[in-house]
Amino acid sequence: MLQTTSVKEALASASPREDFLVRGWVRTRRDAKTFSFLELNDGSCLKNLQVIADAALPNYAEIQRLTTGASVSVRGQLVPSQGQGQKWEVKAAAVEIIGTADATYPLQKKGHTPEFLREIAHLRPRSNLFGCVFRVRSRLAFAVHQFFQERGFAYVHTPIITGSDCEGAGELFRVTTLDLKNPPRREDGEIDSAKDFFARPTYLTVSGQLEAEAFACALSKVYTFGPTFRAENSNTSRHASEFWMIEPEMAFCDLRGNMGLAEEFVKYLIRDVRTHCAEDLELFAKFVDKGLLERLDFVLDRPFQRVSYTEAVELLTQSGHKFEYPVEYGTNLQSEHERYLTEQHFKCPTTVYNYPKEIKPFYMRLNDDDRTVTAMDVLVPGIGEIIGGSQREERLDVLQTSMARHHLDPKDYGWYLDLRRYGTVPHAGFGMGFERMLMFVTGVSNIRDVIPFARTPGNAAF
RNA sequence: UGCCCAGUAGCUCAGCGGUAGAGCAGGUGACUGUUAAUCACUUGGUCGCUGGUUCGAUCCCAGCCUGGGCAGCCA
């Protein structure tokens, strides 16, 4: 049987080809006097392959009824195109119609809004924009692994079902097999989780960090890359209930090393997509974000800005810029503050580090000033926080004090404390939102448009 | 969850206190190595839902639903 050639391979062909097979979906059809032009797309690349279907074909009447969305298999010759705009085209010897698409097919050859396409999530990857998004997503995921594998990091699969809530990381989805209508109850009337599947309350993970720490304190350099779940009622363009997160964790590493890795990582990903997804990025630059390529290149060209939280607060206070919310030491930076720093003041990715301990989670390492912890946030123009991380508290007594201050029961963190009891070591890591990185790299401004089937509050239809 | 904006044909949108229009898509025909082809004709709407005001509501008001933007939570 004749092997299928992808549209991508066909368009990149160095020479004409006899007896050649392509399969895909019709994007549009144009009739000429004695033949019909079919624009064939198979998702292997943005471009379509032009097929010449001659009127002499036995099923020409059916071919002339082909509409946008139909699937076909085309056998023929790959020949130089007589027309402008493409190097190669297919002179069809046979066009087999596999599946028709009637007039109700919602995708048209005109452009659609992303909002409309979200309502047909099962069909939107057939659009130019989403085809590009998901090819880039695939490449970006590959680049993530490549980056860490090249540097000797081990890929760790941390659990998706977890009994720990990684304090401070948000609301959790409960995982249970109990009968919701009639759950077993204890004598005090509370639901008896001891009778649940895992004999304890369990949740979908909000972070693999704590588990990654255990593996970093064994394999030295590790990373996770997997789905993450947050049950927050967040309705913004940059939050999803299910998203993918990358969490490197390094033993014998401090905050400085952590910031260095984060910066290197971001640049690596940009460079990789820039070279391997050039055609897709051009579509984004044309239709989504005119300044995309300049901005990506700008980021590659210079070091990230680094400012301590204290410096950032001073800088914002003295900026003379009117903010809706006041800038005050000891409170979290508001989105508008972060945006000012990265978009207006520095105009480049900015790493803010050493935050007051009061506003950060228990596991972050306390600085010698006793006021700040080694937190770091990487802010990026247009999106805001893309990475959040820290050096971890490796000193058992300091960690215990911190947990007490956060009203956490040490009994719930026994194994985590063990890591400090036995061969503790300075270590650090961060979490990168994969979709946020994808948004940055594509210019697509809504996280729902960079996830194949987005889960957000009130929405899991597909 | 809060604040703001929107909902009119399959899609994008215009319009108006007297029950609606364009472009594209679909259909028919013409033309053509075309490129989101072109030209002519044409089908298509309980104007988001429920109430209220009014002689009369798609238009004004209220509530609800859906979508979007921003904020909080964070990645």
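Note: the structure precedes this text.
Residues numbered from 1 in each chain as written. Chains lettered and ligands numbered in written order. Predicted model: local features only at pLDDT ≥ 70, side-chain atom pairs only at ≥ 80, totals over all residues. Heavy atoms only, no water.

Q: Give me the lowdown on unusual backbone geometry, citing residues and values where you can.
A: In the Ramachandran plot, Phe252 falls in the positive-phi region, its phi being about 55° despite a non-glycine side chain. Of note, the phi angle at Asp370 is positive, near 65°, even though the residue is not glycine. Inspection of the secondary structure puts Asp370 in the loop between β13 (350-356) and β14 (372-380). Exposure remark for Asp370: the relative accessible area of 44% places this residue in the partly exposed category. (Helix = DSSP H or I, 4+ residues; strand = E, 2+ residues; numbered from the N terminus. Buried < 20%, exposed > 50% of the residue type's maximum accessible area, 1.4 Å probe, protein only.)

Q: Let's hear about the pairing of strand β16 (residues 427-433): which residues, and what values?
A: Among the seven residues in β16, seven count as buried, and that is most of the element. Burial of the side chains of β16 extends over both faces: His427, Gly429, Gly431 and Gly433 are buried on one face and Ala428, Phe430 and Met432 on the other. As paired elements, strand β11 (residues 242-251) and β16 share five bridges and run antiparallel to each other. Following the sheet pairing, Glu249 is matched in β16 by Gly429. Where strand β15 (residues 384-392) meets β16, six bridges bridge the pair, whose relative direction is antiparallel. (Pairing = 2+ DSSP bridges.)

Q: For the side chain of Thr224, give the residues involved together with the corresponding values.
A: Inspection of the secondary structure puts Thr224 in strand β10 (residues 221-229). Here Thr224 is in contact with Tyr155, Val156, Thr158, Ala212, Met245, Ile246 and Glu247, once residues within four sequence places are set aside. (Contact = heavy atoms within 4.5 Å.)

Q: Which residues make up helix α6 (residues 255-276), and what are the values?
A: In a regular helix each residue adds 1.5 Å, so 22 residues correspond to 32 Å; α6 covers 31 Å between its end C-alpha atoms and thus fits that length. The N-terminus of α6 is capped by Asp254, whose side-chain oxygen sits 3.2 Å from the backbone nitrogen of Arg256. (Expected span 1.5 Å × (residues − 1). Polar contact = N/O pair within 3.5 Å; in protein donor to acceptor, adjacent residues only side chain to side chain.)

Q: Which residues make up the packing of aromatic side chains, and what are the values?
A: For the structure shown, the criterion picks out 21 aromatic pairs. Judged by centre distance (4.6 Å) and plane angle (20°), the rings of Phe148 and Tyr223 are stacked. Highlighted residues: Phe148 in helix α4 (residues 128-150) and Tyr223 in strand β10, separated in sequence by 75 residues. With relative accessibility at 0%, the residue Tyr223 sits in the buried group. Consider the rings of Phe265 and Phe430, whose centres lie 6.3 Å apart with planes at 40°: the pair is tilted. Remark: Phe430 occurs in strand β16 and Phe265 occurs in helix α6; sequence separation between them is 165 residues. Look at Phe265 and you get buried, because its relative accessible area is 0%. For Phe430, a relative accessible area of 2% translates into the label buried. Among the aromatic side chains, those forming a connected cluster through ring pairs are Phe147, Phe148, Phe153, Tyr155, Tyr223, Phe265, Tyr268 and Phe430. The ring of Phe298 has Arg302 sitting right over it, with the charged end atom 3.8 Å from the ring centre. When the ring centre of Tyr355 is taken as reference, the NZ or CZ atom of Lys360 above it lies at 4.3 Å. (Phe/Tyr/Trp six-rings, centres within 6.5 Å; stacked < 30°, edge-to-face > 60°. Lys NZ or Arg CZ within 6 Å of the ring centre and 35° of its normal.)

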